[in-house]
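Residue-level structural notes
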Amino acid sequence: MASENVGTLKQQLAKLFDESLRATIPEELDVEPLIAACNPKFGDYQCNNAMSLWTKVKGKGSEFKGPQAIGQALSKNLPASEMIESCGIAGPGFVNVVLSRQWIAESIQKMLIDGIGTWAPKLLVKRAVIDFSSPNIAKEMHVGHLRSTIIGDTLARMLEFSNVEVRRRNHVGDWGTQFGMLIEHLFDKFPNGEVASDQAIGDLEAFYKASKQRFDSDSGFKERAQKAVVSLQGGVDKYRKAWTQICEISRRGYEKVYQRLGVYLEEKGESFYNPYIPSVLELLSQKGLIEESEGARVIFIEGKNIPLIVVKKDGGYNYASTDLAALWYRLNEEKAEWIIYVTDVGQREHFEMVFTAAKLAGWLPAEDNKYPKTSHVGFGLVLGEDGKRFRTRSTEVVRLVDLLDEAKSRCKAVLIERGKSEEWTADELEQTAEAVGYGAIKYADLKNNRLTNYTFSFDQMLNDKGNTAVYLLYAHARICSIIRKSGKDLEELKKTGTIELNHQDERALGLHLLQFAEVVEEACTNLLPNVLCEYLYNLSENYTKFYSTCTVVGSKEETSRLLLCEATAVVMRKCFHLLGITPVYKI
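As annotated in an unreviewed UniProt entry, the protein chain is arginine--tRNA ligase from Ilex paraguariensis. Annotation of the protein chain in UniProt includes, under Function (unreviewed entry), the sentence "Forms part of a macromolecular complex that catalyzes the attachment of specific amino acids to cognate tRNAs during protein synthesis." Under the UniProt heading Sequence similarities (unreviewed entry), the entry covering the protein chain gives this text: "Belongs to the class-I aminoacyl-tRNA synthetase family."

**Section: the overall build of the protein chain**
A tally of helices and strands in the protein chain yields 24 helices and 14 strands. Summarising its shape, the C-alpha atoms of the protein chain cover approximately 85 × 75 × 50 Å along the three principal directions. For the protein chain, the residues scored as buried account for 52% of the 587 residues in total. Partitioning the contacts of the protein chain with sequence separation of at least 6, the portion at a separation of at least 24 is 73%. In the structure as shown, the protein chain presents an accessible area of about 27400 Å², 50% of it carried by carbon and sulfur atoms. Here the protein chain carries 73 positive and 79 negative side-chain charges, and the mean point of each set is 1 Å from the other.

**A look at the packing of aromatic side chains**
Applying the stated criterion across every chain yields a total of 19 aromatic pairs. Summarising the aromatic geometry, the rings of Phe 272 and Tyr 273 are spaced 5.1 Å apart at their centres and angled 85° between planes, so their arrangement reads as edge-to-face. A relative accessible area of 29% means that Phe 272 is categorised as partly exposed. With a relative accessible area of 0%, Tyr 273 lands in the buried category. Members of the aromatic cluster, each reached through a chain of ring pairs, are Phe 272, Tyr 273, Tyr 276, Trp 328 and Tyr 329. Over the aromatic face of Phe 272 sits the side chain of Lys 268, whose NZ or CZ is 5.0 Å from the ring centroid. A cation over an aromatic ring shows up here: Lys 373 above the ring of Trp 338, its NZ or CZ 4.8 Å from the ring centre.

**Regarding the nonpolar core**
One finds Leu 159, Phe 516 and Val 571 to be the most contacted residues of the largest nonpolar core, which totals 162 residues. Those residues in contact with Val 571 that lie beyond four places of it in its chain are Met 111, Ile 116, Trp 119, Leu 513, Phe 516, Tyr 535 and Leu 539. In this structure, Leu 281, Ile 339, Val 354 and Ala 357 belong to the second largest nonpolar core, which totals 33 residues.

**Describing unusual backbone geometry**
The linkage connecting Tyr 371 with the following residue, Pro 372, adopts the cis geometry, with an omega of -5°. Turning to its location among the elements, Pro 372 is positioned in the loop between α14 (348-360) and β12 (373-379). One non-glycine residue, Ser 133, lies in positive phi territory at about 75°. Within the secondary structure, Ser 133 sits in the loop between β5 (127-131) and α5 (143-161). According to the relative accessible area criterion, Ser 133 is buried, its value standing at 4%.

**Focus on the UniProt feature "domain: DALR anticodon binding" (unreviewed entry) in the protein chain**
Annotation from UniProt places "domain: DALR anticodon binding" (unreviewed entry) at residues 472-587. As a span, residues 472-587 carries 73% helix and 0% strand, and end to end its C-alpha atoms are 12 Å apart.

**Here we look at the sheet that holds strand β11 (residues 338-344)**
Strand order across the open sheet formed by five strands is β7-β6-β5-β11-β12, with parallel pairing between neighbours. Strands with a single pairing partner mark the edges of an open sheet, and in this sheet they are β7 (266-267) and β12. When β5 meets strand β6 (residues 165-170), the two strands line up parallel, connected through five bridges. Of the residues in β6, the one forming a bridge with Ala 128 is Val 166. Helix α13 (residues 319-332) rests against β5, β6, β11 and β12 of the sheet, and its axis sits at about 150° to β11.

**Brief notes about the side chain of Thr 322**
Mapped onto the secondary structure, Thr 322 falls in helix α13. Residue classification places Thr 322 among the buried positions, given a relative accessible area of 9%. Excluding residues that lie within four positions of it along the chain, Thr 322 makes contacts with His 171, Glu 270, Tyr 273 and Ile 277.

**Topic: the packing of helix α8 (residues 204-217) against helix α9 (residues 219-233)**
It is at 6 Å that the axes of α8 and α9 come closest, and there the two elements cross at 110°. On the basis of the axis angle, α8 is roughly perpendicular to α9. Here α8 runs over α9; the crossing is left-handed. Contacts between α8 and α9 pair Ser 211, Arg 214, Phe 215 and Ser 217 from the former with Ser 219, Phe 221, Lys 222, Arg 224, Ala 225 and Gln 226 from the latter.

Calculation rules
- Residues numbered from 1 in each chain as written.
- Predicted model: local features only at pLDDT ≥ 70, side-chain atom pairs only at ≥ 80, totals over all residues.
- Heavy atoms only, no water.
- UniProt positions renumbered as here; feature names shortened; annotations may be inferred.
- Helix = DSSP H or I, 4+ residues; strand = E, 2+ residues; numbered from the N terminus.
- Buried < 20%, exposed > 50% of the residue type's maximum accessible area, 1.4 Å probe, protein only.
- Contact = heavy atoms within 4.5 Å.
- Areas by Shrake-Rupley, 256 points an atom, 1.4 Å probe, with all protein chains shown as cover.
- Lys, Arg positive; Asp, Glu negative; His and termini not counted.
- Charge placed at Lys NZ, Arg CZ, Asp CG, Glu CD.
- Phe/Tyr/Trp six-rings, centres within 6.5 Å; stacked < 30°, edge-to-face > 60°.
- Lys NZ or Arg CZ within 6 Å of the ring centre and 35° of its normal.
- Core = buried A, V, L, I, M, F, W, Y, C linked by side-chain atoms within 4.5 Å.
- Pairing = 2+ DSSP bridges.
- Axes fitted to C-alpha atoms, helices over the stretch in contact; angles between N-to-C directions.
- Parallel < 35°, antiparallel > 145°, perpendicular 65-115°, else oblique.
- Left-handed = near helix turned anticlockwise from the far one by under 90°.

Shown next as structure tokens:
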């Protein structure tokens with residue numbers, strides 16, 4: 001039976017300082033403890049409440065003569081705890097805390113026995129919907145979908161690890177005007193209405209382009225296509241059947257990409273929400289939010305130059321109508337407390353307007369920090385080496401499948417060059433090339449702040465030095481190799497051995513391991529996967545420092561240090577898992 005999740009280091013310290021605050025200034029009940037990591041010269045963490053408390057109590061006949069006195073009282077009133085070795089006061093009342101080495105060591109050992117799940121952060125939210133990836137039917141998944149897919153997957157994994165029930169939603173573009181031209185083109189190609197196989201249609205992207213070309217150049221075809229949309233939306237059987245076939249072929253294409261990326265999604269495309277649009281718009285009308293404007297029906301949003309169009313001039317629905325229906329459904333039918341949309345930064349304004357409309361309708365609270373809430377997770381562009389949007393030489397968008405193939409084959413070539421094809425089975429070679437190649441692509445994306453553009457470079461991402469997945473995967477494999485070379489049974493050591501952190505580099509590594517939970521919490525709260533990447537890279541650097549100064553195998557501290565190696569490997573593996581990267585155990 002795994003023991004109770006104790007919360008992050010910061011949360012545990014906050015609990016102690018909360019008691020101290022109540023004892024020190026009982027009349028100020030609404031004060032939250034302000035805990036932050038501090039400069040290692042002064043300690044491990046600090047409580048920063050003294051200054052703000054002083055501004056609250058001065059002039060109220062307080063016994064305190066300044067913020068430093070409050071800091072001293074906060075330190076004195078801390079309840080006794082095995083966690084804390086010592087406290088000191090710095091500057092205007094900062095309470096600096098040094099954590100006990102023994103407590104850090106015992107916490108790590110407990111995690112090794114009870115599992116890293118006990119280090120999961122506790123979040124306020126119980127159920128979230130993450131809307132990510134969202135390719136368009138009949139179009140190949142390209143590098144632009146890469147970011148949405150892997151950022152969304154990492155956010156889902158982090159929230160799931162934090163015991164949030166996550167609905168992973170693929171809001172595919174499977175409805176709308178382009179289907180008229182696709183269906184009519186299909187009827188012309190297969191007059192009897194039966195598509196024998198995926199190959200009969202051929203390359204879906206080429207099929208799409210051919211139908212688009214006809215739509216743009218042939219007025220007769222264009223008219224038929226427009227009528228086909230009406231027939232499809234009216235539920236005419238023949239058109240529904242053709243639509244289903246096109247969606248199915250497209251779906252099989254992108255499912256292969258998801259399989260390779262190890263990404264799971266549940267599809268609820270635009271067509272799913274279509275039946276809900278009329279009643280949702282009716283609800284908004286009843287609130288007096290929808291107005292007529294130049295023949296269309298719109299919602300005016302304060303501070304925005306253009307209104308949110310919810311019904312076009314021709315009476316058709318659009319993205320805004322679908323997104324409002326989807327939001328209503330997620331709040332009311334799926335009872336989501338947090339709805340997260342992962343799309344490029346260019347769609348930020350659209351989502352801001354949709355969220356504002358939902359607030360005006362009373363579906364969401366007016367304050368941003370209250371639940372249920374919505375968040376738009378924007379991301380920048382993937383650029384080529386020329387600094388422009390990443391494309392192939394023929395100026396086509398780069399297919400995701402081609403990128404994954406290329407990364408894998410480059411990794412395989414390096415492994416063969418290093419003689420691994422002689423040492424390993426063909427399966428081991430394939431699996432390692434895949435883990436490292438796909439991991440390199442994911443990590444190169446996720447390590448950047450998602451809001452910035454980044455340059456796609458195979459040479460950089462496949463480098464085995466610096467902040468890359470290759471370096472980190474190799475670092476993990478090296479730790480596993482050290483443990484194997486010791487010949488010791490780790491499961492036995494966990495039960496019988498004890499961790500001691502007598503050397504400063506052992507202690508620094510131990511403290512960094514313990515900060516894992518608060519880093520995951522920060523990455524979840526701010527929806528920033530790069531925070532976790534930075535932690536993982538620093539963990540690897542801390543380990544390297546420890547390993548270069550502390551002999552492991554054969555030393556008198558061997559048992560303790562092997563357990564510290566194992567704890568590092570466990571935390572690294574969990575970081576890899578949260579980033580959707582498959583670890584490698586030998587290299």
